[in-house]
Structures are given as structure tokens and as C-alpha cells.
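# Notes for the structure review
If you want the building blocks of each chain, they are given just below.
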Amino acid sequence: MAMEEQRAGSRVSRPENRLVRRGFTDPARAVRLLEGPGLEGLADDPLLLDALGATADPDLALLGLARLLEAADAADRHTLRDTLTTSKPLRDRLLGVLGVSTALGDHLARHPHDWHVLVTFELRDMHPGPEDFRRALTEGVRTGDRGPADALRVAYRRCLLAIAARDLTGTTDLAQTAAELADLAGATLQTALDLAAEHDPEAAAACRLAVIGMGKCGGRELNYVSDVDVVFVAEPREGVGEQEALKAATRLAAALTRLCADTTGEGTIWPVDANLRPEGRNGPLVRTLASHLAYYQRWAKTWEFQALLKARPVAGDAELGTAYVEALAPMVWQAAAREKFVADVQQMRRRVVDSIPVTELDRQLKLGPGGLRDVEFSVQLLQLVHGRTDPALRSGNTLEALAALSRGGYVGRADAASLDAAYRFLRSLEHRIQLYRLRRTHLMPTGAEDLRRLARSLAALINDDTRADPVAALHREWKRHAVEVRRLHEKLFYRPLLDAVAELPPGATGLTPEAARARLEALGYADPAAALRHISALASGVSRKAAIQRTLLPVLLGWFAESADPDAGLLNFRQVSDALGRTPWYLRLLRDESAAAEQLARVLSAGRLAPDLLLRAPEAVAMLGDPQGLEPRGRAALEGEIRAAVGRAGSTAAAVASARSVRRRELFRTAAADVLGRLGEDPAEALDTAGEALTALNAATLGGALRACVAGWEAEHGDLPTRIAVIAMGRFGGHELGYGSDADVLFVHEPLLGSLEEEAARAAQAVCHELRTQLGAPSTEPPLLVDADLRPEGRSGPLVRTLASYAAYYRRWSHAWESQALLRAEPVAGDEELGTRFRRLIDPLRYPGTGVPERDLVEIRRIKARIEAERLPRGADPTTHTKIGRGGLADVEWTVQLLQLQYGHGVPALRTTRTRAALAAAVEAGLVEPEDAEVLDTAWVLASRVRAAVMLVRGRPGDSFPGEARELAGVARYLGYGSGHSGELLDDYRRITRRARAVVVRLFYGSD
């Protein structure tokens, strides 16, 4: 045992093992470095080894120190060795930098004397300001042994070294570090401008030039590596013309940009980005103050005012810079009053997220969900909304503005504290990543060594113990903050609104009613006073219902605000909650099913149809909590349920009401699934699924109502003396029903053997009339209007005929348009055998063996032209009317139906009632070019989806785009267009249907 302990002790005493215990991952190389030039004699210094082991990457720190000592001259090496062993502050600062940044280690290897800055800056001023940095840069340029550009870069890196040293040793916090980086950037811009003026004194004498810091530079919250956003403003000096002065100022600004951005032997400082100027990169680099004002007064977009939040003079003529900021500030703080202000801001945020490559989304610290931009956008939006009336909020610095929002009651204290902590952590993580190579990046690294170095450098900011597994601890802390930022980003605007309608504890601050209304108005609520009343009604009280709704409302309000009609969403939610608020399952749904709550919010704010259906029977909300609750039900299941409901009813009216009740519930199921995008990923697939679901539902409802009406007739008169079949026509027969479609049908009957034909006809007439009356009667259930006008002789003919009567009429009197209408005839209810015989009767008419005679072809084209000329509603735009407008539904359908009439007899695949299937069959048969078919199909799908959207949004059918802005926005959102893109939808519709019309003219009218 004693021998084993001796061997173990011998192993532990080896230099490599001592280094491993201190965190070195390559102890063999470390031993070689410690025994090499410059470090001789220090290998056994426990203070140095402990200091190396305390760095983020001991191997990297030791390598950087060895390179520095090797590069230093003998006298400086001796001084550095002495200082390392006797001065703990210097030792910690130097090794702290070398253990995090290989780029700053490279700088010290090239300029070994620069380690002295870690002493001089610390002794002179704990928190150097712009003038300190400017003196250091000017001195560096003056005494540098290279050209001015390289000398400026060396001096800049020397100052950066001092900032990083204080940052990494905890002498400064994140806010101070970011402020120092911004001050250093301002000093660098000023020094570069001075150099440009020395090189071009004529330009300097001709103009006054101010450099306005924007973005993080303007907000004094700059990163270690970032583009420095600026705007240039100039004025002529006395006696100089404006154009001459602007040319001079442009030369100076361009020279300044080159000095900072061009690569020399010492690399690049950072790019100077002037693209936030008016008109961006297409506008002049320099403008006068008057030109800036004219642009912002007339042309500027919302995001440009948001960018001006951080505008601050950083270099050049201070008086002119101050005048610029003071002149533009009033416009900045009125930006929230602009139309669609918040929609513009939120849309810009969504565009940023959408632009992130999928492979980077989970690694983005800045732009991804739960990232830095979420915090910044949230704070800036609240500043712009409330800064109009509260000057205390007008700071360009994110953390300062967040603190001011909290003090003013605009953000809850706990929320503000969480955001502050998350922002500091994420920015610190971003800083450490950038420091390694001094490269501009916002992506988390993936390498194990990089992650370990990051975790160790941030150990003080990580709640978990990082010693066992630093990488895992780092990931947990990052994700915790990201989730918290995302959660707060989604509720930040809405949680204080609850406080505005609640009784707050003594001493607590909250939004004033005026501020609450201003926030709601800015967020898109058209009637903020009514919205506050709804919020108060939902959140007030001590009931379990109120408590759950107080928890959920901040998120719901955000979902409503993302819709085209937030007011309707909030009102509908209040009505549903009033109806179901005491129902335990509803409260559990809200509390436990976050996905169901979000789906409810989306449905309630997407338009009028689905909410109207839901409010008639709010218990249908339960569908949203069932993973399969929104899947369309098959026709057999619907027929079985309706048949059972009809069978239980005590009267015809009650039986049909039961069928209509099932239909209303299933309409909601389909509409909700459609609104939520659950009917299919491809728009055409979703349209077909909705059409099939609505067709099955109407067929089952008709079948149930027919059964009820027959039973009612028989209860009064005895057995029905005839058989009845219902034939679907038009879009019903084509399985292409929309939410607002009537049920086009034909009724056919056949007297039973031994029955008198007149008696059978009267009975069939009575049953069919009762069916139409009951299904269309005023009720709390939506009506199903049964339209039989496509029957022989139209409204003048009998409602129902015998099969023989149909045969006689079609044989003798049938017109070409009737053959065309029969193309979509399909039995859907009643006697199946009779329906099958009707179909056999009409097949020779709709698929004639000789095709379409010339006279019929002329007649069909004439009727189509007359419809286009006479039936378009007065004032309707023919380019956007979905039914009979140019390139709309009628154009496509008549073209396809003409092909069916001409070739259906010889091409079995054309014998379908479905438009898209028939078009595909025409392509397969070589009757239509694939490119033409694609054009027609795209137009037909789009027109059909527009009609569906109009019904979903308005709650009533329409064939044209809505004229009211909110309704049009709702239609655009349903069709996948973001907020503010309604005009783009109209342009796309006109373009697509214009192409379809050209194909129709060739194929249907036979014209080129």
C-alpha cells in the first residue's frame, strides 16, 4: 500500500499533471513553452501558474505570453517578467486578455511594448472617456514609425487592449465597456477626420462637417467588432457656395471612411457604414441640414425614424451635430402617430428573422428568436409610443431606456429586470465570441474548444456551476435567457395594460389610462377605449376565471395585434369567455393547452365567419384542444351522425334543425382548420380539401333533411308514393363548394309501382319544397340555400320532375348551355339507384359522341360573351372580379367544360365533375399545353381562394375584393401576404388572371 501511494504521489508531482489540474488541455506543449525562451525560471512560479489556470483558455494565454516575451527586447522582457511576478492586477489583466483573444495576442506579438497600456490606462483613469481616447490616438499617430493609416490602427488596437483588459477582469461592466467602445469609435472617427483635413486643407476650409453616430455607436453600446453606422451632415463656411461645400465635405467623408475601413498591414479598424442616410446607398453621402430635414418631413419611412432614436454627434463640428439632432428629434417622437406605425416596425422585425439562413437560426445571438434584437425592438417600440409625452424615455441606449420605461411604469419592474439581465448576458456572450479573432459575428461557435473558452470566460455570469461541464452550463444559461427574452418580447406591450385597469398596490406605478390607450392605438387597436373595457372585464375580480385570463391575456393581446382586426379578436374572446367562463373544461383548456389558446386567438381575430359560428355554440372551442379536432370528417361519418340526430327529433322542423346544428359545427371545424393552415401545406391542396369537406357536409345535410321531410309527410299522409333523388349541380357537383356557396341541385322522382303519377308529383313537390323551406328558414343556425334554378325551364318549370320527364325534355328541348351545366351533375342524396339512372340518362348529353356542333359552339361563346358584358355588377372592376372578371373562375371553367363537351366521349378521364381534374386530364390527352394548363390552374385556385377569404373575413359571400382596408388586409393575410402587402396581393391577382385571360382567348374563343 505504501508503495502504491508513493507511485501515485510521483505521478501527481509531474509538471503535466500540475498543469492539467489548472485547466490546461495540452500540458506537454505547455511544459515546452514554460521551459522555452522568455519564460525560463517561471515554470515553478505558483502565482503565475494559478493566474494562467484562472483564464478562459490557459493554453492560449500561455502561448500568447510566450510570444510576447519572445518578441520583447531584453530590457522590456525583464520589466515584464518582474511586473508579472509582483503585480497581480497587471498579471490578471494581461493573462485575461491573452486567454480570450488570439487577435490581441497577435497584436502584442507585433507590438510587444503595448503591454504597458494595461498599466498606464489603469493608473490614469479607471473609466477613460472620448478625450482620453482621442489623446491616445493622436499621440499614437504622431509618434508612430509608420504611415498615418497604420499608426492609427496600431493606436486603436492599443486602446482596445486596455478596454478588453478592464472588461475581462470585471473592472467595468457591460454597459461601461460598450460605452467605452463607442467613445473609442468616436475618437477614431475624429482622428481620421483630422487626418483627412490635413491631407485636404482646401476641403476643410470650405465646409463644416459633422459625423452623426447611429445604431450602437450612437447609443454608446457598441460591440468589440461592428460596422460603425454614421450619417454625414455639412454646411458651407462663410463665402462658400453650397454645392462647392458639399463636394468638399464628400471628399472628407470619403477619406475618413477609407482610413477606417481600408485594409493595410495592420488590418482594418472597422467599416464605416453610411447606409442609414436618406435614400440609403442611392442617396448622396453628405447632405446639408436643410436637405436632411426636407427628406425626413416628406419621404422617410417608419424604420428611418426608429433608427434616428440613437442619433448622436460623435465627431466633426459639434455645433452642427447638435443642431442636426435637435432639429430631427421632434419628428422622431411623432413617428408613432404615423399610419401603420407598429405594423411597419413588427414587419421589419419579421423580415429580419425570415432572412436568417435556416442553418444559422439556432445559433443567432442577435437576430434569432429570443436574441438581442428582440430586446432592442421591444424597447425602441415602447420608447416611440410613449416618448411622445414622456421625455424621460428619450435615450438612445437600450439599457438606460429600459430602466426609464420601468421607472415610468411602462414595463413591469420584474420584466425589466429579467430583460436587463438577459440583455447583459447575451451582449457579454457576443463580446467574448468577437474578441477571439476580432471578427464581426453573432453566431454561437460549434467547436468544443471555443465553447469551453466561452463558458470559462463567462463563469461569473452563469448561474450553474461550470466546473463539471462548462459547455453544458453555458448552453443552459444561454437558452434560459433566450426563452425569457422571447417570452417577455411577446408580452411586454400587454402586461402593463392589465395594470392600467387594475387596482395597484400603494406606491406601485403603472400606465395612465391615456398611456394605455396610446399603446393600444399604436398596436393596431382601432377603438382603444373599448379594448380597455374588454381587458378590464376579462381581468378583474378574484375568480379562477379572472386569474387564468390575467395570465393569458398578455399573450392573447399580442396574437390579436398581429391580426388584421385586433378589436374583433378581443371582443370575440370576451364573448366566448362570458359564455364558457364557468365551464371547468374551458378554463383547463386556457390554462394547460397553450397551443389551443393560440389557435383560439388566431381564429377569433381572423374574420367574422368562424367566430360567428363559434359564438352560436361556444362549446366547439373544445375542438381546438384535441390534436385531431380540426381534421375534416368523412361523408359516411357525417351522414351517420345526422341520420341519428334526425331520427331522435320529434318533428320535421326539429329534425332539420338538428341537421343544421351539425352542419354549423362542422362548418366551424373546416373554417377554423382553414384559417389555421391545417388543411394542407400547398394552397391548392388546402382548397381541394376544403371543397371536399364542404361538399360532404352539404350532401349529408341534404340527405338528413330529405329523410326528415319524407318522415314528416308520411306522418301526415301515409307512405310516400314516390322515390326522390337529389342531384348536385355547379360547384356542389364539382366538389368545389366555398363557404358562401348555395347548394345548386336538381330534384328527380319516380312514382312507386301502382302509384298515381299526379299524386306522386304532388307528394314529391311538397317534400322538396319543405326541404328548401326548412333548410333556408331563419334560425340561429346558418342557412343552407337550396337553388334549383338549373332545372328544365328554370324557375318557370316544376321544382321536381320524373326521370321520364327529364328524358323527354332533354331529348326535345335541351340547349347547349344545359348540356354544359350537366357536366357537373352528380347524385348526392335520396334514392341511390334513381340517382345512378339519372346519371346514365345525361351522359350522352354532356359527353356527345359527335363533339360540339358548330352552331352549339357559337351559342356557347355567345352566351359567355353576353354574361361578361351584362352580368358584371355596376361599378365592379373586371380585373378583380373573381367570378366573371377577366381570367376568373368562369373563364377557366367554361374553357375546361368546352374541352369536356368536345372530347369527353373519347377521353374517359375528362368525364369528371371536378375542374382541376378535368384540366389535368386534358393535358394528359394532349389537348392543352402543360404551360397553358398551369396558368389556368393557378388563376382558378387563386380566384377560389380569394372568394373563400372574403367569406371567412366578412362573414358573407362576395366575388370582389373588399373595399374596406381592414377587410382587405384580412383577405391578404389569409392568402399569405404580410401586413401592409394588400396592394401586392392585388397586383399579383391582376398579373396572374391577365395571363389566364390570354390563354382563355386562344383556347375558348379560338383567337390569337
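Residues numbered from 1 in each chain as written. Predicted model: local features only at pLDDT ≥ 70, side-chain atom pairs only at ≥ 80, totals over all residues. Heavy atoms only, no water.

## Here we look at the overall build of the chain
Counting its secondary structure elements, the chain contains 46 helices and 10 strands. A compact globule built from 1008 residues should have a C-alpha radius of gyration of about 30 Å, whereas the chain, at 38 Å, is more than 25% larger. Relative to its full complement of 1008 residues, the chain shows a buried share of 54%. Nonlocal contacts in the chain, meaning residues at least 24 apart in sequence, comprise 72% of its contacts between residues at least 6 apart. Put simply, the chain shows about 43100 Å² of open surface, and 50% of that area lies on carbon and sulfur atoms. One way to put it: in the chain the 129 positive side-chain charges average out to a point 2 Å from where the 135 negative ones average out. (Helix = DSSP H or I, 4+ residues; strand = E, 2+ residues; numbered from the N terminus. Rg over C-alpha atoms; globule rule 2.2 N^0.38 Å. Buried < 20%, exposed > 50% of the residue type's maximum accessible area, 1.4 Å probe, protein only. Contact = heavy atoms within 4.5 Å. Areas by Shrake-Rupley, 256 points an atom, 1.4 Å probe, with all protein chains shown as cover. Lys, Arg positive; Asp, Glu negative; His and termini not counted. Charge placed at Lys NZ, Arg CZ, Asp CG, Glu CD.)

## Side note on the pattern of salt bridges
Per the stated rule, a full pass over the model turns up 67 salt bridges. The partner of Asp132 in a salt bridge is Arg135, with the nearest N and O atoms 2.5 Å apart. Here Asp132 and its partner Arg135 are both found in helix 10 (residues 130-143), three residues apart, which amounts to about one turn of the helix. Take Asp132: its relative accessible area is 10%, and that puts it in the buried class. Here Arg146 makes a salt bridge to Glu266, at a shortest N to O gap of 2.8 Å. One end of the pair, Arg146, is in the loop between helix 10 and helix 11 (148-168); the other, Glu266, is in the loop between helix 15 (242-261) and strand 3 (272-273), and 120 residues separate them in sequence. Sharing partners across several salt bridges, the network here consists of Arg633, Glu641, Arg665, Glu666 and Arg669. (Salt bridge = Lys/Arg side-chain N within 4 Å of Asp/Glu carboxyl O.)

## Quick word on the state of the cysteines
Evaluation of the coordinates by the stated rule reveals zero disulfides. The structure places no disulfide on Cys260, whose sulfur is separated from the nearest cysteine sulfur, that of Cys217, by 10 Å. For Cys260, a relative accessible area of 0% gives the class buried. (Disulfide = S-S within 2.5 Å.)

## Overview of helix 30 (residues 584-592)
Within the sequence span of helix 30, burial applies to Tyr586, Leu587, Leu589 and Leu590. Seen from one end, helix 30 has its buried residues packed into an arc of 155°, which puts them on one side. Against helix 28 (544-561), helix 29 (566-580) and helix 31 (594-604) lie the buried residues of helix 30. (Arc of directions from axis to C-beta.)

## Here we look at unusual backbone geometry
The backbone phi angle of Glu279 is positive, close to 70°, even though this residue is not glycine. Relative to the helices and strands, Glu279 is located in the loop between strand 3 and strand 4 (286-287). Owing to a relative accessible area of 44%, Glu279 belongs among the partly exposed residues under this scheme. Positive phi is not limited to glycine here, since Leu438 has a value of about 55°. With respect to the element layout, Leu438 can be found in the loop between helix 22 (413-437) and helix 23 (448-457).

## Let's talk about the confidence of the model for the chain
Summing up the model confidence of the chain, the mean pLDDT is 90 and the portion of residues at 70 or higher is 96%. A low-confidence stretch, residues 1-13 (pLDDT under 50), is modelled with five contacts involving residues beyond four sequence positions or located in other chains. (pLDDT = per-residue confidence, 0-100.)

## Section: the packing of aromatic side chains
For any pair of aromatic rings, the description consists of the separation of the ring centres together with the inter-plane angle of the planes. What the rule picks out here adds up to 11 aromatic pairs. Seen from their ring centres, Tyr809 and Tyr810 are 5.7 Å apart, and the 70° between their planes marks the pair as edge-to-face. A single burial state applies to Tyr809 and to Tyr810, both of which are buried. Joined through ring pairs, the aromatic side chains of Tyr806, Tyr809, Tyr810 and Phe838 make up one cluster. Arg453 extends its terminal NZ or CZ atom over the ring of Tyr436, reaching a point 3.6 Å from the ring centre. (Phe/Tyr/Trp six-rings, centres within 6.5 Å; stacked < 30°, edge-to-face > 60°. Lys NZ or Arg CZ within 6 Å of the ring centre and 35° of its normal.)

## Some details on the side chain of Gln364
One can find Gln364 in the loop between helix 19 (341-354) and helix 20 (372-386). Looking at Gln364, its side chain comes within polar contact range of the main-chain nitrogen of Lys366, at 3.4 Å. In this structure the side chain of Gln364 is engaged in a polar contact, spanning 3.1 Å, whose partner is the backbone nitrogen of Leu367. If near-sequence neighbours (up to four positions away) are discounted, Gln364 is found in contact with Ile356, His442 and Leu443. (Polar contact = N/O pair within 3.5 Å; in protein donor to acceptor, adjacent residues only side chain to side chain.)

## Here's the deal with helix 42 (residues 889-903)
For an α-helix, the turn length of 3.6 residues means that residues three or four places apart are oriented alike. Taking 1.5 Å of rise per residue, the 15 residues of helix 42 would be expected to cover 21 Å, and the 21 Å separating its terminal C-alpha atoms lies within 8% of that figure. Of all 15 residues in helix 42, 13 are buried, a share of seventy percent or more. (Expected span 1.5 Å × (residues − 1).)

## A word on the packing of helix 33 (residues 635-648) against helix 34 (residues 652-675)
Between helix 33 and helix 34, the least distance of the axes is 8 Å, while the angle of their chain directions is 145°. As for how helix 33 packs across helix 34, the hand of that crossing is right-handed. In contact with Leu638, Glu641, Ile642, Ala645 and Val646 of helix 33, helix 34 contributes Ala655, Ser658, Ala659, Val662, Arg665 and Glu666. The residue makeup of the contact of helix 33 with helix 34, split by class, is seven nonpolar, one polar and three charged. (Axes fitted to C-alpha atoms, helices over the stretch in contact; angles between N-to-C directions. Left-handed = near helix turned anticlockwise from the far one by under 90°. Nonpolar A, V, L, I, M, F, W, Y, C, P; charged D, E, K, R; others polar.)

## Description of the nonpolar core
With 213 residues, the main nonpolar core has Leu429, Leu474, Leu557, Phe573, Leu702 and Phe747 as its most contacted residues. Ranked by residues supplied to this core, first place goes to helix 35 (residues 683-717) with 16 residues. Each residue touching Phe747, except ones within four places of it in the same chain, is listed here: Ala725, Val726, Cys768, Leu771, Arg772, Val786, Ala788, Leu799, Val800, Arg801 and Tyr806. Formed by 90 residues, the second largest nonpolar core is a distinct cluster that contains Ala30, Leu94, Val141 and Ala274. (Core = buried A, V, L, I, M, F, W, Y, C linked by side-chain atoms within 4.5 Å.)

## Remarks on the environment of His735
When you line up the elements, His735 lands in the loop between helix 36 (730-733) and strand 7 (743-751). As for His735 and Glu826, which are separated by 91 residues in sequence, their C-alpha atoms are 9.5 Å apart. Setting aside residues up to four positions removed in sequence, His735 forms contacts with Gly691, Glu692, Thr695, Glu826, Thr913 and Arg914.

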